[in-house]
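# Results of the structural survey
So you can see what is in the structure, the chains are spelled out below.
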Amino acid sequence: MKSSPTDGTKASAARIYAHMLGSTDTFAADREAAAMLTSQFPSVRDVCRANRGFLLRTVRTMAEAGIDQFLDIGCGLPVAPNVHEVAREIHPDTRVVYVDLDPTVVAHAQATMDQKGVATIAGDLRDPKTILDDPHVRATLDFSRPIGLITVGVMHFVQEDARPLVACLRDALAPGSYFSMTHACSDTMPEEEAVAGMAVYKQTSNPVNLRTRAEITELFDGFELLTPGIVLVADWRPVAGDIFPERAPECLAGVGRLPTR
């Protein structure tokens, strides 16, 4: 999960994802990689849109449960509505820190989203302690109170064992916090799509690491899973009139709550 060059000569996962969601804030390399992915398996656009729909539903679920501060790691380029916009419909004073490895994402988010109670920082999911210790994170979020931790569409770009990374983040959270995640799953993805997708992403700054359902479930260790558990992204509490109603079998999703200790 290397940082991608700011000149756009190499595609990045964040910008490919944004392109699939309709963003124009991408480079030619991103659009070419997206076209290659789509030619190999046309459902990839649905995967991206389904992930976005899950993100927005989970933010609303957490906000309705009382969460008014969020840490969104691997946030990607801004695509309205964003986390703070959805959460502030319920809690107008919601505070959000967006984190991304891609310098173009960080620069764009800082220019277009940062405001009172909303900050964007450069950060690497593989180094959670540095994210947690960042002064902007500490100034924006109160870790003595529950936080909504979001890692949507990013964990499958971690090549090493992700369990210690999640554990580090989990242990920093107050009881009553939530953890939202989607992850590309080798058990639900057709083999030919898995091979094609991994080949394309290998040429980008962010190669993919598929995990099994069991391995994805392990990442929720210490959290109590909300119903309906770990399911396909579109099956996690679908709602009528969802602006991202697409379905796709490639990713699993879940939300966990940190129990009172």
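Before going into details, it helps to say that this report is about the structure given with it. Small disclaimer: the values here were computed from a predicted structure and weren't measured.

As a further point, take the overall build of the protein chain. Looking only at helices and strands, the protein chain has 10 helices and eight strands in total. Along the first, second and third principal axes, the C-alpha atoms of the protein chain reach 45 × 40 × 35 Å. Across the 261 residues in the protein chain, those meeting the buried criterion constitute 57%. Across the protein chain, every contact between residues at least 6 apart in sequence was considered, and the portion connecting residues at least 24 apart equals 76%. Roughly 10,700 Å² of accessible area belongs to the protein chain as shown, and the carbon and sulfur atoms make up 53% of that amount.

A word on the pattern of salt bridges. In this structure the tally under the stated criterion is 11 salt bridges. The residue aspartate 133 makes a salt bridge to lysine 129 at a minimum N-O spacing of 2.7 Å. Here the residue aspartate 133 and the residue lysine 129 both occupy positions in helix H6 (residues 128–133), the gap between them amounting to four residues, near one helical turn. Residues aspartate 221 and arginine 170 are paired through a salt bridge, measuring 3.9 Å at the closest nitrogen-oxygen approach. Of this pair, aspartate 221 sits in the loop between helix H10 (213–218) and strand S6 (224–225) while arginine 170 is found in helix H8 (residues 163–172), placing the two residues 51 residues apart along the sequence. Given the relative accessible area of 16%, arginine 170 is considered buried. Each member of the salt-bridge network shares a partner with another, and the members are Asp161, Arg163 and Glu218.

Before going further, it helps to spend a moment on H8. Residues of H8 that are buried: Leu165, Val166, Ala167, Leu169 and Arg170. Against the buried residues of H8 lie strand S1 (69–73), H6, strand S4 (148–151) and strand S5 (178–184).

Quick look at helix H3 (residues 44–64) now. At 3.6 residues per turn, the α-helix brings residues three or four places apart onto the same side. Its 21 residues give H3 an end-to-end C-alpha distance of 31 Å, which sits within 8% of 30 Å, the value for a rise of 1.5 Å per residue. Among the 21 residues of H3, 17 are classified as buried, and the element is accordingly described as predominantly covered. Following H3 by one or two positions, glycine 66 adopts a phi angle in the positive range, close to 110°.

Turning next to the nonpolar core. Grouped together as the largest cluster of nonpolar side chains are 55 residues, with contacts concentrated most on Val59, Phe70, Val83 and Ile150. No other element matches H3, which puts nine residues into this core. Apart from residues no more than four positions distant in its own chain, valine 59 is found in contact with Phe70, Val83, Val86, Ala87 and Ile150. Counting residues in hydrophobic clusters, the runner-up holds 31 residues, among them Leu132, Met155, Val166 and Ile216.

Parameters and conventions
Each residue is numbered by its place in its chain's sequence as written, counting from 1. Only residues with pLDDT of 70 or above have their local features reported here, since the model is predicted, and side-chain atom pairs are shown and tallied only from 80 upward, although totals for entire chains, interfaces and linings are computed over all residues. Values shown for side chains rest on all heavy atoms present in the structure; no hydrogens or waters enter the calculation. Helix numbers and strand numbers start at the N terminus; a helix is a DSSP run of H or I with at least 4 residues, a strand a run of E with at least 2. The cut-offs for exposure are 20% and 50% of the maximum accessible area for each residue type, with area from a 1.4 Å probe on protein chains only; residues under the lower value are buried, those over the upper are exposed, and the others partly exposed. What makes two residues a contact is simply this: any of their non-hydrogen atoms within 4.5 Å. Working definition of accessibility: Shrake-Rupley area with a 1.4 Å probe, residue cover restricted to the visible protein chains. Salt bridge, as used here: a side-chain nitrogen of Lys or Arg that lies within 4 Å of a carboxyl oxygen of Asp or Glu. A helix is expected to reach a length of 1.5 Å times the quantity of its residues less one. The criterion is simple. A nonpolar core is a set of buried Ala, Val, Leu, Ile, Met, Phe, Trp, Tyr and Cys residues joined through side-chain atoms within 4.5 Å.

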